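Residue-level structure breakdown
Chain by chain, the residues run as shown.
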Amino acid sequence: MGERKALEYEISPDMKFLLPAFALLLSGIVYVAMTPATAHEFAASDIKIDHPWARPTVTTRQPAAVFFHLENTGERDDTLVGVEIDAGIAEGAELHTTINDEGTFRMRPLSNGIALPAGAQVAVQPGGHHAMLFGLAEPLAEGRRFAVTLVFEQAGRVEVEVVVEQPTEDAPKPEMDHSEHGS
Ligand SMILES: [Cu+2]
């Protein structure tokens, strides 16, 4: 967190609107640097979904965030419009983004989904967008695997298998403020 704060102090207040874009750029660079040793990949028509994962959770009261990497290898724009979860795993799932509210990271539902233009890659990862699971039936134990369905405007519904694991050393670990996760 220290790094992001330091960054903020160096930028004049009228440049603040650039911060989210800059943070997104940084997380993209980190993702490329992180060789996915445990990579597993899913595809549907022109959409590739790489390495869906979630952090272990200790209790069921905690929401769980699911991360993955998206690529649109086709020639038409697509959008990830939703996420679905089996009731046996969690009560509900939502697409969220993370905003930097004067140094505190907060989450907001993504009402317009995640745009995935033709040829684009989007890292859905800590510090940015994620799929949030609410009301877990059981805590997410490390090593567990479970299915999540990603819903795309064009490619339709794609079921992927999420692996529960600790983030790799290089992955950004922003402190999340879950206080606004009312149901
Ligand atoms: Cu969230």
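Above this note sits the structure.
Residues numbered from 1 in each chain as written. Predicted model: local features only at pLDDT ≥ 70, side-chain atom pairs only at ≥ 80, totals over all residues. Heavy atoms only, no water.

Examining the overall build of the protein
Check the secondary structure of the protein and you find two helices and twelve strands. Listing every helix and strand of the protein by position from the N terminus yields α-α-β-β-β-β-β-β-β-β-β-β-β-β. Considering the protein as a whole, with its 183 residues, one finds that 44% of them fall into the buried category. For the protein, long-range pairs separated by at least 24 residues make up 68% of all intrachain contacts whose partners lie at least 6 apart in sequence. Accessible surface computed for the protein: about 9900 Å², of which carbon and sulfur atoms make up 51%. (Helix = DSSP H or I, 4+ residues; strand = E, 2+ residues; numbered from the N terminus. Buried < 20%, exposed > 50% of the residue type's maximum accessible area, 1.4 Å probe, protein only. Contact = heavy atoms within 4.5 Å. Areas by Shrake-Rupley, 256 points an atom, 1.4 Å probe, with all protein chains shown as cover.)

Some words on the nonpolar core
In terms of nonpolar packing, the biggest core is built from 32 residues, with Ile-49, Phe-68, Leu-70, Phe-146 and Phe-152 touching the most fellow members. Discounting chain neighbours no more than four positions away, the residues touching Phe-68 are Ile-49, Asp-50, His-51, Pro-52, Leu-80, Val-122, Ala-123, Val-124, Ala-131 and Leu-150. Counting residues in hydrophobic clusters, the runner-up holds six residues, among them Trp-53, Ala-65, Met-107 and Met-132. (Core = buried A, V, L, I, M, F, W, Y, C linked by side-chain atoms within 4.5 Å.)

Quick notes on the coordination of the copper ion
Taken together, the protein donors to the copper ion comprise His-96 (ND1), Met-107 (SD), His-130 (NE2) and Met-132 (SD), at separations of 2.1 to 2.5 Å. Relative to the metal, the four donor atoms surrounding the copper ion lie at angles of 73 to 123°, and the coordination shape comes out irregular. Of note, the donors binding the copper ion are all from one chain and are spaced H-x10-M-x22-H-x1-M. One end of the pair, Met-107, is in strand β6 (residues 104–109); the other, His-130, is in strand β9 (residues 130–136), with 23 residues separating them in the sequence. The exposure class assigned to Met-107 is buried, which follows from its relative accessible area of 6%. With relative accessibility at 1%, the residue His-130 sits in the buried group. (Donors = N, O, S within 2.8 Å, 3.2 Å for Na, K, Ca; no water. Tetrahedral: all angles 85-135°; square planar, octahedral: opposite > 155°, others 65-115°.)

Considerations on the side chain of Thr-79
Within the secondary structure, Thr-79 sits in strand β4 (residues 78–85). The exposure class assigned to Thr-79 is buried, which follows from its relative accessible area of 15%. For Thr-79, the contacting residues outside a window of four places in its chain are Asn-112, Gly-113, Ile-114, Ala-115, Leu-116, Val-151, Phe-152 and Glu-153.

Details of the pattern of salt bridges
Taken as a whole, this structure holds four salt bridges when the rule is applied. When the shortest N-O distance is used, the salt bridge between Arg-145 and Glu-161 registers 2.8 Å. Highlighted residues: Arg-145 in strand β10 (residues 145–152) and Glu-161 in strand β11 (residues 156–164), separated in sequence by 16 residues. Take Arg-145: its relative accessible area is 48%, and that puts it in the partly exposed class. A relative accessible area of 33% places Glu-161 in the partly exposed class. (Salt bridge = Lys/Arg side-chain N within 4 Å of Asp/Glu carboxyl O.)

Re the pairing of β10
For β10, the tally of buried residues reaches six of eight residues, placing the bulk of the element in the interior. Here five bridges tie β4 to β10, and the two strands are oriented antiparallel to one another. By the bridge assignment, Ile-85 is partnered in β10 with Val-148. Alignment of β10 against β11, held across eight bridges, turns out to be antiparallel. Bridge pairing in β11 places Leu-150 opposite Val-158. Between β10 and β11, which follow one another and run antiparallel, lie three residues. (Pairing = 2+ DSSP bridges.)

Considering the side chain of Arg-106
Structurally, Arg-106 can be placed in strand β6. In this structure Arg-106 comes out as buried when scored by relative accessible area, which is 18%. Polar side-chain contacts of Arg-106 include one of 2.8 Å to the side chain of Asp-101. (Polar contact = N/O pair within 3.5 Å; in protein donor to acceptor, adjacent residues only side chain to side chain.)

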